[in-house]
There are 2 protein chains.
Amino acid sequence: MNTTEFRKRGKEMIDYVADYIETIEQRSVYPDVQPGYLRSLIPEEVPVEPEMYEDVVKDIERVIMPGVTHWHSPFFYAYFPTASSFPAMLADMLCGAIGCIGFSWAASPACTELETVMLDWLGKMINLPENFLAGTTGCGGGVIQGTASEATLMSLLAARSRIVRWIQADNPDRTESEIFSKLVAYSSDQAHSSVERAGLIGGVTMKKVPTDEKFSVQGEALKKMVERDRRAGLIPFYFCATLGTTASCAFDNIIELGPLCNAAKMWMHIDAAYAGSAFICPEFRPLLNGVEFADSFNFNAHKWLLVNFDCSVMWVKERADIIGAFKMDPLYLKHDHQESGLVTDYRHWQIPLGRRFRSLKLWFVFRLYGLRGLQDHIRKGSNELNETLLKRINSTRKIHMVPCQLSGKFVLRFAVCARTTELHHVRESWAHITDLASELLQELPH
Amino acid sequence: MNTTEFRKRGKEMIDYVADYIETIEQRSVYPDVQPGYLRSLIPEEVPVEPEMYEDVVKDIERVIMPGVTHWHSPFFYAYFPTASSFPAMLADMLCGAIGCIGFSWAASPACTELETVMLDWLGKMINLPENFLAGTTGCGGGVIQGTASEATLMSLLAARSRIVRWIQADNPDRTESEIFSKLVAYSSDQAHSSVERAGLIGGVTMKKVPTDEKFSVQGEALKKMVERDRRAGLIPFYFCATLGTTASCAFDNIIELGPLCNAAKMWMHIDAAYAGSAFICPEFRPLLNGVEFADSFNFNAHKWLLVNFDCSVMWVKERADIIGAFKMDPLYLKHDHQESGLVTDYRHWQIPLGRRFRSLKLWFVFRLYGLRGLQDHIRKGSNELNETLLKRINSTRKIHMVPCQLSGKFVLRFAVCARTTELHHVRESWAHITDLASELLQELPH
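About the thresholds
- Residues numbered from 1 in each chain as written.
- Chains lettered and ligands numbered in written order.
- Predicted model: local features only at pLDDT ≥ 70, side-chain atom pairs only at ≥ 80, totals over all residues.
- Heavy atoms only, no water.
- Helix = DSSP H or I, 4+ residues; strand = E, 2+ residues; numbered from the N terminus.
- Buried < 20%, exposed > 50% of the residue type's maximum accessible area, 1.4 Å probe, protein only.
- Contact = heavy atoms within 4.5 Å.
- Areas by Shrake-Rupley, 256 points an atom, 1.4 Å probe, with all protein chains shown as cover.
- Lys, Arg positive; Asp, Glu negative; His and termini not counted.
- Charge placed at Lys NZ, Arg CZ, Asp CG, Glu CD.
- Pairing = 2+ DSSP bridges.
- Axes fitted to C-alpha atoms, helices over the stretch in contact; angles between N-to-C directions.
- Buried area = accessible area lost by both parts, 1.4 Å probe.
- Salt bridge = Lys/Arg side-chain N within 4 Å of Asp/Glu carboxyl O.
- Polar contact = N/O pair within 3.5 Å; in protein donor to acceptor, adjacent residues only side chain to side chain.
- Expected span 1.5 Å × (residues − 1).
- Phe/Tyr/Trp six-rings, centres within 6.5 Å; stacked < 30°, edge-to-face > 60°.
- 1 Å grid on protein atoms, 1.4 Å probe; cavity = no way out; pocket = protein on both sides within 12 Å on 5 of 7 lines; lining within 4 Å.
- Points joined across faces, edges and corners; volume = space filled by probe spheres on them.
- Nonpolar A, V, L, I, M, F, W, Y, C, P; charged D, E, K, R; others polar.
- Parallel < 35°, antiparallel > 145°, perpendicular 65-115°, else oblique.
- Left-handed = near helix turned anticlockwise from the far one by under 90°.
- Least-squares fit on C-alpha atoms with pLDDT ≥ 70 in both.
- UniProt positions renumbered as here; feature names shortened; annotations may be inferred.
- Right-handed = clockwise from strand over helix to strand, strands pointing away.

**Q** Honestly, the overall build of chain A in this entry has me stumped. Any pointers?
**A** When helices and strands are counted, chain A shows 14 helices and nine strands. Judged by the C-alpha coordinates and their principal axes, chain A covers about 80 × 75 × 45 Å. The proportion of buried residues among the 446 residues of chain A is 58%. Within chain A, residue pairs in contact and separated by at least 24 positions form 71% of the contacts whose partners lie at least 6 positions apart. Of the roughly 18,100 Å² of accessible surface on chain A, a fraction of 54% belongs to carbon and sulfur atoms. Distance between charge centres in chain A, computed from 47 positive and 53 negative side chains, equals 5 Å.

**Q** For this particular structure, what's the right way to read the sheet that holds strand 5 (residues 267–271) of chain A?
**A** Picture the strands of a sheet paired through backbone hydrogen bonds; they go either parallel or antiparallel. Residue and element names in this part refer to chain A. Pairing in this open sheet of seven strands is mixed, and the strands run 1-7-6-5-4-2-3 from one edge to the other. Of all strands in the sheet, those bounded by a partner on one side alone are strand 1 (141–145) and strand 3 (205–209). The mean angle between the axes of side-by-side strands here comes to 20°, regardless of whether they run parallel or antiparallel. As judged from the five bridges shared by strand 1 and strand 7 (residues 312–316), these two strands associate in the antiparallel manner. Across the sheet, residue Gln-145 finds its bridge partner in strand 7, namely Ser-312.

**Q** What is the right way to look at the interface of chain B and chain A in this model?
**A** Put simply, an interface is often sized by how much accessible area is lost when its parts join up. Taken residue by residue, the interface counts 136 residues in chain B and 136 residues in chain A. Together, B:Arg39, B:Arg197 and B:Arg367 form the three largest contributors to the area buried by chain B at its contact with chain A, with a combined 6%. Here chain B is connected to chain A by 18 salt bridges. Here A:Arg372 ties to B:Glu49 by a salt bridge, and the two come within 2.8 Å at their closest N and O atoms. Inspection of the region where chain B meets chain A yields 60 residue pairs in polar contact (both at pLDDT 80 or more).

**Q** What am I meant to see in helix 4 (residues 109–125) of chain A here?
**A** In an α-helix there are 3.6 residues to a turn, and that puts residues three or four apart on one side. All names here are of chain A. The terminal C-alpha atoms of helix 4, which comprises 17 residues, lie 24 Å apart, in line with the 24 Å expected from a rise of 1.5 Å per residue. For helix 4, the tally of buried residues reaches 16 of 17 residues, placing the bulk of the element in the interior. Phi for Asn-127, located one or two positions after helix 4, is positive at around 55°.

**Q** Would you take a moment to explain the packing of aromatic side chains for this structure?
**A** A ring pair, where both rings are aromatic, is described by two values, the distance of the centres and the angle of the planes. For the structure shown, the criterion picks out 34 aromatic pairs over all chains. For the ring pair A:Tyr79 and B:Phe103, a centre distance of 5.0 Å and an interplane angle of 85° mean the geometry is edge-to-face. A residue pair is termed interchain when its members come from two chains, as with A:Tyr79 in the loop between helix 2 (53–64) and helix 3 (86–98) and B:Phe103 in the loop between helix 3 (86–98) and helix 4 (109–125). Each residue in the set A:Trp71, A:Phe76, A:Tyr79, A:Phe80 and B:Phe103 is aromatic and connected to the rest through ring pairs, giving one cluster.

**Q** Whenever I open this one, empty space enclosed by the protein confuses me. Can you help?
**A** Take a probe with the size of a water molecule and roll it over the atoms, and the empty space left behind shows itself. Across all of its chains, the model carries seven cavities of 30 Å³ or more by this definition. Roughly 440 Å³ of volume is contained in the largest cavity. A class-by-class count of the residues in the lining of the largest cavity yields 21 nonpolar, eight polar and four charged.

**Q** Quick question: what am I supposed to make of the packing of helix 5 (residues 148–170) of chain B against helix 7 (residues 193–202) of chain B here?
**A** Helices that pack against each other are described as a pair by the angle of their axes relative to one another and the distance between those axes. Residue and element names in this part refer to chain B. Orientation of helix 5 relative to helix 7, taken along the N-to-C sense of each, is 45°, at an axis distance of 9 Å. Compared by their axis directions, helix 5 and helix 7 come out oblique. In this structure, helix 5 meets helix 7 at a crossing whose hand is right-handed. Seen from helix 5, the contacting residues are Ser-149, Thr-152, Leu-153, Leu-156, Leu-157 and Arg-160; seen from helix 7, they are Ser-194, Val-195, Ala-198, Gly-199, Ile-201 and Gly-202. Per-class residue counts for the contact of helix 5 with helix 7 are six nonpolar, five polar and one charged.

**Q** Could you clarify how one ought to interpret the environment of A:Val313 in this entry?
**A** All names here are of chain A. Looking at where Val-313 falls in the secondary structure, it is placed in strand 7. Each C-alpha atom of the pair Val-313 and Asp-271 lies 10 Å from the other, and the pair is 42 residues apart in sequence. The residues contacting Val-313, other than those within four sequence positions of it, are Leu-119, Leu-122, Val-143, Phe-297, Asn-298, Phe-299, Ala-301 and Leu-362.

**Q** Could you clarify how one ought to interpret the side chain of A:Thr112 in this entry?
**A** All names here are of chain A. One can find Thr-112 in helix 4. Of the polar contacts made by the side chain of Thr-112, one reaches the backbone oxygen of Ser-104; its length is 3.4 Å. Excluding residues within four positions of it along the chain, Thr-112 makes contact with Gly-102, Ser-104, Trp-105, Thr-344 and Tyr-346.

**Q** Help me understand the relation of the copies chain B and chain A in this model?
**A** The operation linking the two copies of the chain is a rotation about an axis combined with a translation along the axis. After a rotation of 180° and a shift along the axis of 0.0 Å, chain B superposes on chain A with an RMSD of 0.1 Å. Taken together, the rotation and translation describe the operation of a two-fold axis. Here 100% of the interface residues in chain B have copies in chain A that are interface residues too; the copies meet face to matching face.

**Q** Got a minute to help me understand the UniProt feature "modified residue: N6-(pyridoxal phosphate)lysine" (unreviewed entry) in chain A in this structure?
**A** All names here are of chain A. According to UniProt, the "modified residue: N6-(pyridoxal phosphate)lysine" (unreviewed entry) feature falls on Lys-303. Along the chain, Lys-303 falls in helix 10 (residues 301–304). Here Lys-303 falls in the buried class, since its relative accessible area comes to 12%. Once residues within four sequence positions are removed from consideration, Lys-303 is found in contact with Phe-80, Pro-81, Thr-82, Ala-83, Ala-273 and Tyr-274.

**Q** What's the story with the pairing of strand 4 (residues 235–242) of chain B in this structure? I'm lost.
**A** A regular strand carries its side chains on alternate faces of the sheet. Residues and elements named next belong to chain B. Of all eight residues in strand 4, eight are buried; the element is thus mostly enclosed. Both strand 4 and strand 5 (residues 267–271) contribute to a ladder of five bridges, which runs parallel. Across the sheet, Ala-241 pairs through a bridge with Ile-270, a residue of strand 5. With helix 9 (residues 254–263) bridging strand 4 and its parallel neighbour strand 5, the resulting β-α-β unit is right-handed.

**Q** Sorry if this is basic, but what is going on with the pairing of strand 2 (residues 183–188) of chain A here?
**A** All names here are of chain A. A large share of strand 2 lies buried, amounting to six of its six residues. Sheet topology places strand 2 next to strand 4 (residues 235–242); five bridges connect them, and they run parallel. Residue pairing for strand 4: Tyr-186 is matched across the bridge by Phe-239. Across five bridges, the pairing between strand 2 and strand 3 is parallel. Pairing of Ser-188 across the sheet is with Val-209, part of strand 3. In this region the chain leaves strand 2, passes through helix 7 (residues 193–202) and returns to the parallel neighbour strand 3; the handedness of that crossover is right-handed.

**Q** I tried to follow the pattern of salt bridges on my own but got confused; where do I start?
**A** Any two side chains of opposite charge can pair, on the condition that their charged atoms come close. Applying the stated criterion across every chain yields a total of 62 salt bridges over all chains. Linking A:Lys11 and B:Asp15 is a salt bridge whose minimum nitrogen-to-oxygen distance equals 2.8 Å. Taken together, the residues span two chains, with A:Lys11 in helix 1 (residues 3–22) and B:Asp15 in helix 1 (residues 3–22). On the accessibility criterion, A:Lys11 (24% relative accessible area) is partly exposed.

**Q** Just to check I follow, could you spell out helix 3 of chain B for this structure?
**A** Its 13 residues give helix 3 of chain B an end-to-end C-alpha distance of 19 Å, which sits within 8% of 18 Å, the value for a rise of 1.5 Å per residue. With respect to burial, helix 3 of chain B is a largely interior element, 12 of its 13 residues being buried. Turning to helix 3 of chain B, its buried residues are B:Phe86, B:Pro87, B:Ala88, B:Met89, B:Leu90, B:Ala91, B:Met93, B:Leu94, B:Cys95, B:Gly96, B:Ala97 and B:Ile98. The inward-facing, buried residues of helix 3 of chain B contact helix 1, helix 2 and helix 3 of chain A together with helix 1 and helix 12 (359–379) of chain B. Immediately downstream of helix 3 of chain B, the backbone of B:Gly99 shows phi near 55°, a positive value.

**Q** Would you mind going over the sheet that holds strand 4 of chain B with me for this structure?
**A** Residue and element names in this part refer to chain B. Pairing is mixed in the open sheet, where seven strands are placed in the order 1-7-6-5-4-2-3. For this open sheet the edge positions go to strand 1 (141–145) and strand 3 (205–209), each flanked by a neighbour on one side alone. Adjacent strand axes in the sheet meet at a mean angle of 20°, parallel and antiparallel pairs treated alike. Two elements, strand 5 and strand 6 (residues 296–300), share three bridges in a ladder whose sense is parallel. When the bridges of strand 6 are listed, His-269 appears paired with Ser-296. Each of strand 1, strand 2 (183–188), strand 3, strand 4, strand 5, strand 6 and strand 7 (312–316) touches helix 5; the most contacted strand, strand 4, lies at about 155° to it. Across the sheet, helix 9 touches strand 4 and strand 5, and the angle it forms with strand 5 is around 155°.

Next comes the structure, spelled out in structure tokens:
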């Protein structure tokens, strides 16, 4: 396929993609196929001679689509959201064309530097403490991981190296494997399976901290376990807090847990894969309070921030800790700028060596939606919508309310005021409000 | 951005990509920028309101391109090749639009099944032993990993679990951490840095086996180390062979090493990341002889097989081994078909949970190039070209040669025949052949 044909086929594919997204609602969200359905639909071996492009395209509807679970159908409520937007898709096309493997600064400076700056932008959007940002001289900084699983694993490996370094500094005779055998990591009993997995990969014990009735880990629960383990001669070294558990979107109490981890010299990683995108809205940001005590923090922009998979964003306070997990520099990866403070070699921050130019997606999405547009997507409703609802509520004259502004959000403020108000009045009023809200939502353009 | 605008912008992007590829030779292959160049070119914070698409596109040339190392420039000879082709880019667009996260069969049957079948196709293309293929009832099978680093790590973790299971079956009292502390893995002293890293992550000792004068590990070298370590009470459990080292493309002697590993009950993984694509040509396939002794095998289709990054293909003989490395099944990932033999849940085969629909790239590339087209790409020259060269050699009448066919390849056969032939004749003849070959290559359309 030469460039002339690519121009033609590429434009046809753009139309196919647009058609797919426009009509996705008409497809059955879950496929009606049995395991093994696909093998019988295509040949058993590769064709020796090239096929016609038209035949390949025809097979998308014949072979692929009948077996697709449509994650972007508005009727898809399974698992978790995975983000998709046109700006991100356009950026991905550019990423594919540039096709650089940005494992070091020199391997593609633009790829590395845009990532650092975009993670600073995003860090500011969620008001992360300054020491998580790279800036031009910072010790911290952000990185795009493929998935939250990798972010958790990286943080655990960094914590494991750090504790071994600390212990061996005082006791040079203690071997790594003896220390490993005593290490204990902790996470919520509601934490994602990838956290348990990180423990298995790293060869350390991972204990589950019991949660309260709201599925949230409280300080006391962790404290008890850590103290008991210390008395037994074990070495607590890592806690993975979850903000937004997979099962019920529960939040661990990091304001309590953070200082506890700091005092115990345990690494605190925060996994907010599922819920973290919401922190770009000031009204949700209080849920992140306590992040200042963390060593590392991660969420999946590819879940809820309109950036197509994969784009899991992670920040660390001390980049030396994460690089220290396993820095190695073979000669063929060395370059002149390696030792400069401005240069980031992201291969030391992640499990794989190779990496795509994923920050282009962030850049396109941030600029083409703007912070406001992204906040609207999280809120799934605008200030204007709330204002209209309040006008209707007040114009029907059944109940009366006034609004307030909270961190830039127009809030309908329901205060119980009269001496004579009883529970049944409140219930009736709430039913009235939800009726009017439903009416309003149904009038919106689809 | 709605679908109407996406149709317009997408087609413009297709043209931009085509232009980029067509004119890439005119760009400086290595950027002339200093560390930190990008930060000063863009704002310090995200825009609050959406920007115009035109402004974002203008910034590609202003901000990004000056800092790009052009991996697809014909003047790029650094690091290693990374594949790129138009069919793969088209497939990636489709992958982005479908945007499924295929961690289990149910999460998108097409995504899972096409991957299994494409890895079978590719396995047959390189003539892998039958027990590496999935088929409909096989115990083995293939998977797409992001990078060879991940494939190596997965194989090491699978090997680590297997040896612990074996040892604990006979000695239930031995703890995992005691066993870990005695495990030894081995690889060539020429192996990629990611192999050493896999050892660090897995918390096991990784020893480097000295290579011979051709940078190749021979059986005797490994045997000595294994025997010495066993006598010292250690547990050799894993060897990573390299076919095509990064520095010099050296090949370990797997025909010797394989039986040795099998006899010692050590896992043999073969890392052919760099060179493996060549095995689709019958004339290179002998270099893979010995793969029948391996437990797992991997190469990077995204290096040399025209499939854009990331697409690192891996096969295992016993899928139970790799799944056993850390199988966990939380409730929200369960589905009806889970226990059927036909169903593959690839989340158990890899480090991340999420995964893209990468097999579409293989499918497009395989069909649109055909096996023949892919072989031509590896050979970077056709049988026809060789035939023409031979005709010219013989028509100049200075020397005389006859051809032969080896595994479908037209080979120019240079036999030293006459009693009177001396070294200077051979040198002169070789100079004559290379002159004619150079002339021929220069006449080719660019």
